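The lines below spell out each chain.
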Amino acid sequence: MPLEFGDERDVYFRCLEDCNEAIMISDLSGNLVYVNPAWSRTYGFTRDEAVGQSPRILHSGLQNPTFYTSMWDQIRNPSIGHWKGELMNRAKDGTIVPVLLTITPVKNLQGGIRGYMGIAVDLTAMKDLEAKLTHQDRLASIGALSSGLAHEIGTPLSVIRGRAEFLMMKTRDPDFKRELEVVTGQTDRISKLIRSLLRVSRGLRD
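Residues numbered from 1 in each chain as written. Predicted model: local features only at pLDDT ≥ 70, side-chain atom pairs only at ≥ 80, totals over all residues. Heavy atoms only, no water.

Trainee: Help me understand the pattern of salt bridges in this model?
Mentor: Where charged atoms from two side chains of opposite charge come close, those side chains can pair. For the structure shown, the criterion picks out seven salt bridges. Between R14 and D18 there is a salt bridge, and its shortest N-O distance comes to 2.7 Å. One end of the pair is R14 and the other is D18, both in helix 1 (residues 8–18) and four residues apart, which spans about a single turn. One salt bridge connects E86 with K127, and the closest N-O pair in it is separated by 3.0 Å. In this pair, E86 sits in strand 3 (residues 83–90) while K127 sits in helix 5 (residues 124–170), placing the two residues 41 residues apart along the sequence. Three or more residues joined by partner-sharing salt bridges are found here, namely R161, E165 and D188. (Salt bridge = Lys/Arg side-chain N within 4 Å of Asp/Glu carboxyl O. Helix = DSSP H or I, 4+ residues; strand = E, 2+ residues; numbered from the N terminus.)

Following this line, the structure appears as structure tokens:
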């Protein structure tokens, strides 16, 4: 069943307007001639603010000129004809927006290039999730390392305390016994710290 639109151009326009991904179209001079509502939501510029401007208004400074030169070399290369990759753009309020950007030529009916269209997928939520998962993985690694370290320290510490207690039972020298009591007291202190470390490590790994 054919789509019931009054004009085929209405279909294309509605697809651009209603798309949830940020779309911008520039002419051959590099000036923006169209941005869709999703583009405005992503970057904070109204359509009136954007049209007539260069896409450079989105440059964050986090990509060097060589990056953009390579990008346009691929787009203008007839054997490639497009570019797709991740980059960091900057919104109107200064917020850095990570996007997956695809740039393709816009051609007329004769096949000539009239301009370029960029479609950007906002990766902010995905990057935030990746950062959170990475942070959790690091915490889990720290927890596992702490647990292993606590066990490695705890075993010889128990031996030291046991030997000190044995000597306390054997000696009749009160001064020597007091020194051994210092040893057992310090080993108890370290053991308490180890138990605290183990509790923390279990929390980091959970």
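Trainee: Would you mind showing me how to read the nonpolar core here?
Mentor: The nonpolar side chains of a soluble globular protein tend to be buried with one another. Counting 21 residues, the largest nonpolar core has W39, Y43, V99 and L101 as the members making the most contacts within it. Mapped by element, the contributors of at least two residues to this core are strand 1 (22–27), strand 2 (32–35), helix 2 (37–43), helix 4 (65–76), strand 3, strand 4 (96–107) and strand 5 (113–122). Ranked by the residues each element gives to this core, the list is headed by strand 4, at four residues. Setting aside its immediate chain neighbours within four residues, Y43 contacts A22, L58, N89, R90, A91, K92, V97, V99 and A120. (Core = buried A, V, L, I, M, F, W, Y, C linked by side-chain atoms within 4.5 Å. Buried < 20%, exposed > 50% of the residue type's maximum accessible area, 1.4 Å probe, protein only. Contact = heavy atoms within 4.5 Å.)

Trainee: Can you walk me through empty space enclosed by the protein in this structure?
Mentor: Picture a little ball the size of a water molecule; that probe, rolled over the atoms, points out where space is still empty. One pass over the structure, following the stated rule, counts one cavity of 30 Å³ or more. Taken as a whole, the largest cavity spans an internal volume of roughly 40 Å³. Every residue along the wall of the largest cavity is listed here: A22, M24, W39, Y43, L58, N89, L101 and A120. Counting only elements with at least two residues in the lining of the largest cavity, the list comes to strand 1 and helix 2. Residue composition of the lining of the largest cavity, by class: seven nonpolar, one polar and no charged. (1 Å grid on protein atoms, 1.4 Å probe; cavity = no way out; pocket = protein on both sides within 12 Å on 5 of 7 lines; lining within 4 Å. Points joined across faces, edges and corners; volume = space filled by probe spheres on them. Nonpolar A, V, L, I, M, F, W, Y, C, P; charged D, E, K, R; others polar.)

Trainee: Help me understand the sheet that holds strand 5, please; the structure alone is not making it clear to me.
Mentor: Strand pairs in the sheet, formed through backbone hydrogen bonds, run parallel or antiparallel to each other. Strand order in the open sheet formed by five strands is 2-1-5-4-3, with antiparallel pairing between adjacent strands. Both edges of this open sheet fall to strand 2 and strand 3, since each of them pairs with a single strand only. Averaged over all pairs of adjacent strands, the angle between their axes in this sheet comes to 30 degrees, without regard to strand direction. Here strand 3 runs beside strand 4; their pairing, made up of eight bridges, is antiparallel. Counted as the bridge partner of E86 is L100 from strand 4. Set on the sheet, helix 4 makes contact with strand 3, strand 4 and strand 5; between it and strand 3 the angle comes to about 145 degrees. (Pairing = 2+ DSSP bridges. Axes fitted to C-alpha atoms, helices over the stretch in contact; angles between N-to-C directions.)

Trainee: I tried to follow the packing of aromatic side chains on my own but got confused; where do I start?
Mentor: The relative placement of two aromatic rings is captured by the distance of their centres and the angle of their planes. For the coordinates displayed, the defined rule picks out six aromatic pairs. Centroid distance W39 to F45: 6.1 Å. Interplanar angle 35 degrees. Geometry classified as tilted. In this structure, W39 and F45 share a single accessibility class: buried. Taken together, the ring pairs connect W39, Y43 and F45 into an aromatic cluster. (Phe/Tyr/Trp six-rings, centres within 6.5 Å; stacked < 30°, edge-to-face > 60°.)

Read these as geometric descriptors, not functional statements.
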